[in-house]
Amino acid sequence: MTYETVILGAGAAGMMCATRSGASTLVIDHAKAPGEKIRISGGGRCNFTNMYASPENYLSQNPHFCKSAMARYTQWDFIELVDRHGIAWHEKTLGQLFCDGSAKQIVAMLVQEMQAAGAELWLQTSVSAVEKTADGYRISTIRDGKIRTIDAGNLVIATGGKSIPKMGATGLAYDLARQFDLPITETRPALVPFTFSDERFKPLAGVALPARLSNARTSFDEALLFTHRGLSGPSVLQLSSYWREGEPISVNLIPETPLFDLLRDQRQAGGRKDLTTELARHLPGRLVEFLAPELGSKGRLADQSDAALRDLCDHLENWSLTPSGTEGYRTAEVTLGGIDTDSLSSKTMEAKMTPGLYVIGEAVDVTGWLGGYNFQWAWASGVAAGNAIAGHG
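S.K.: Teacher, can you tell me more about the overall build of the protein here?
M.R.: In terms of regular secondary structure, the protein is built from twelve helices and 21 strands. If one aligns the C-alpha atoms of the protein with their principal axes, the spans along those axes are about 85 × 40 × 40 Å. Counting over 393 residues, the protein shows a buried share of 52%. Total accessible area on the protein stands at roughly 16,700 Å², and carbon and sulfur atoms take up 49% of it. Treating the 37 positive side-chain charges of the protein as one cloud and the 43 negative ones as another, the clouds have centres 4 Å apart.

S.K.: In this structure, what is going on with the sheet that holds strand S6 (residues 96–99)? I would like to understand it.
M.R.: Strands belonging to one sheet form pairs held by backbone hydrogen bonds; the direction of such a pair is parallel or antiparallel. Here three strands make up an open sheet; going across it, the order is S3-S6-S5 and the pairing antiparallel. Looking at the sheet topology across the chains shown, the edges are occupied by strand S3 (47–50) and strand S5 (89–91). Neighbour to neighbour, the strand axes of the sheet diverge by 30° on average, direction disregarded. Its contacts with the sheet put helix H4 (residues 75–84) on S3, S5 and S6, and the angle it makes with S3 is roughly 140°.

S.K.: Looking at this structure, how should I read the nonpolar core?
M.R.: In globular proteins that are soluble, nonpolar side chains generally tend to be buried together. Counting residues in each nonpolar core, the largest one holds 76 residues, and the members touching the most others are Val 6, Ile 38, Phe 48, Phe 78, Ile 106, Trp 377 and Trp 379. A total of eleven residues in this core trace back to one element, the largest contributor, which is helix H12 (residues 373–390). Setting aside residues up to four positions removed in sequence, Trp 379 forms contacts with Ala 12, Met 16, Ile 38, Phe 48, Tyr 73, Phe 78, Ile 106 and Leu 110. Among the nonpolar cores identified, the runner-up in size contains 44 residues, and Leu 237, Leu 283, Val 288 and Cys 313 belong to it.

S.K.: Help me understand H12, please; the structure alone is not making it clear to me.
M.R.: Along an α-helix, residues three or four apart share an orientation, since each turn contains 3.6 residues. Over its 18 residues, H12 extends 26 Å from the first C-alpha to the last, a length consistent with the 26 Å expected when each residue adds 1.5 Å. Judged by how many residues are buried, H12 sits mostly within the fold: 16 of 18 residues are covered. Two residues or fewer after H12 comes Gly 391, characterised by a positive phi angle close to 80°.

S.K.: Quick question: what am I supposed to make of the sheet that holds strand S14 (residues 219–226) here?
M.R.: Strand order in the open sheet formed by seven strands is S17-S16-S13-S14-S15-S12-S18, with antiparallel pairing between adjacent strands. Edge positions in the sheet fall to strand S17 (319–321) and strand S18 (325–326), since each of these pairs with one other strand and no more. With two bridges connecting them, S14 and strand S15 (residues 230–232) associate as antiparallel partners. Residue pairing for S15: Leu 225 is matched across the bridge by Ser 232. Against the sheet, helix H11 (residues 306–317) touches strand S16 (249–252) and S17, its axis set at about 120° to S16.

S.K.: In this structure, what is going on with the environment of Ala 119? I would like to understand it.
M.R.: With respect to the helices, strands and loops of the structure, Ala 119 is situated in the loop between helix H5 (104–117) and strand S7 (120–122). Measuring from C-alpha to C-alpha, the distance between Ala 119 and Ser 24 comes to 6.4 Å, with 95 residues separating the pair along the chain. Excluding anything up to four places from it in sequence, Ala 119 contacts Ala 18, Ala 23, Thr 25 and Met 114.

S.K.: What is the right way to read the pattern of salt bridges from this model?
M.R.: When the charged atoms of two side chains lie near each other, side chains of opposite charge can form a pair. A complete count under the given rule lists 21 salt bridges for this structure. Between Arg 200 and Asp 198 there is a salt bridge; the shortest N-O distance is 3.2 Å. Take Arg 200: its relative accessible area is 33%, and that puts it in the partly exposed class. Its salt-bridge partner being Arg 330, residue Glu 327 comes within 3.3 Å of it at the nearest N-O pair. A residue is classified by how much of its surface remains accessible, and Glu 327, at 16% relative accessible area, is buried. By relative accessible area, Arg 330 is classed as partly exposed at 49%. A cluster of three or more residues bridged by salt bridges with shared partners is formed by Asp 261, Arg 264, Arg 267 and Asp 306.

S.K.: I tried to follow unusual backbone geometry on my own but got confused; where do I start?
M.R.: Backbone phi values are negative for most residues with the exception of glycine, while trans is the configuration of most peptide bonds. Even without being a glycine, Cys 46 presents a positive backbone phi close to 60°. Its location among the elements puts Cys 46 in the loop between helix H2 (36–40) and S3. Phi at Asp 181 is positive, roughly 60°, even though this residue is not glycine. Relative to the helices and strands, Asp 181 resides in the loop between helix H6 (172–179) and strand S11 (188–190). Taking the relative accessible area as the measure of exposure, Asp 181 reaches 68% and is therefore exposed.

Analysis parameters
- Residues numbered from 1 in each chain as written.
- Predicted model: local features only at pLDDT ≥ 70, side-chain atom pairs only at ≥ 80, totals over all residues.
- Heavy atoms only, no water.
- Helix = DSSP H or I, 4+ residues; strand = E, 2+ residues; numbered from the N terminus.
- Buried < 20%, exposed > 50% of the residue type's maximum accessible area, 1.4 Å probe, protein only.
- Areas by Shrake-Rupley, 256 points an atom, 1.4 Å probe, with all protein chains shown as cover.
- Lys, Arg positive; Asp, Glu negative; His and termini not counted.
- Charge placed at Lys NZ, Arg CZ, Asp CG, Glu CD.
- Pairing = 2+ DSSP bridges.
- Axes fitted to C-alpha atoms, helices over the stretch in contact; angles between N-to-C directions.
- Contact = heavy atoms within 4.5 Å.
- Core = buried A, V, L, I, M, F, W, Y, C linked by side-chain atoms within 4.5 Å.
- Expected span 1.5 Å × (residues − 1).
- Salt bridge = Lys/Arg side-chain N within 4 Å of Asp/Glu carboxyl O.

If you want it as structure tokens, here you go:
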């Protein structure tokens, strides 16, 4: 069997690439259905892009690498595609766009676009070997219990990273990169909850509030969620991409609340009130109860000096914690790091030293923030490779 292009991986990047790469394209995936990560994303509604997506929202050893692809296929281009397919959507918060209905609509849209482009899709197909030939690449597969060999002029690696192995994620992209001498940067789980070995936050499991989480490199203002194992929520997931083992993090539990002024005013108006009762007006009651011993928040408001109130507020604004670790790839939304961008063309995603070999999506050392940014990178890098293969860009 011979195809012009074989794409390994029927995820967001692989399917997007197949909509552009020409009629003689075969997409291979080991899953039972295409786009499984798309299907489960965004609580089943798929946070398919972000209105504010820009290169500043991505981590990479080369922060400039993503600029070319993202400039040539923007979030507005993908929104136009979604609109053309009649898929209703809404902005949730911070520019995050979701389907009104189901994430399955995005999968169906991509499958339809692939079919219109003439691409073929093989599911429940495993790749047993890949080798370079004089004319391109030879891919050995197992499908329906039979060994099938495919020759292709172009090979696209779109198999993602290691995150969420229960969805079938493997390190195939990195195995192939090593085979073809493409360097790999350090990989680690990203957009992932923090854990604490002493399970100290178990009594707070389910408590959520707006917070600002910071470390020496950056900070994020979004929701914080306490869990049985530690900390989660958007602010935690965001910061996890910038965190390293052993580092402390700072938690501001009152980022938008002028608590010192409010407590001082209330001391004048109702000093007989218990301090913890007043705090529970501004913070979840269970959290106030949990923190009371270390805050020293005892007695009535009238008994608190300005200095005592200031110390209390400082503690709530600069709560220092050192996570034991993270929940790892099991729950990580993406993999940080990947195939080194120095080995790839930023315009075409083709390996500089290996003609006809392309790497796109999460397999590349480009990792977006939480909120639709990683999908936008998948769409943009997929289009860049697909257009290059088809000779359109």
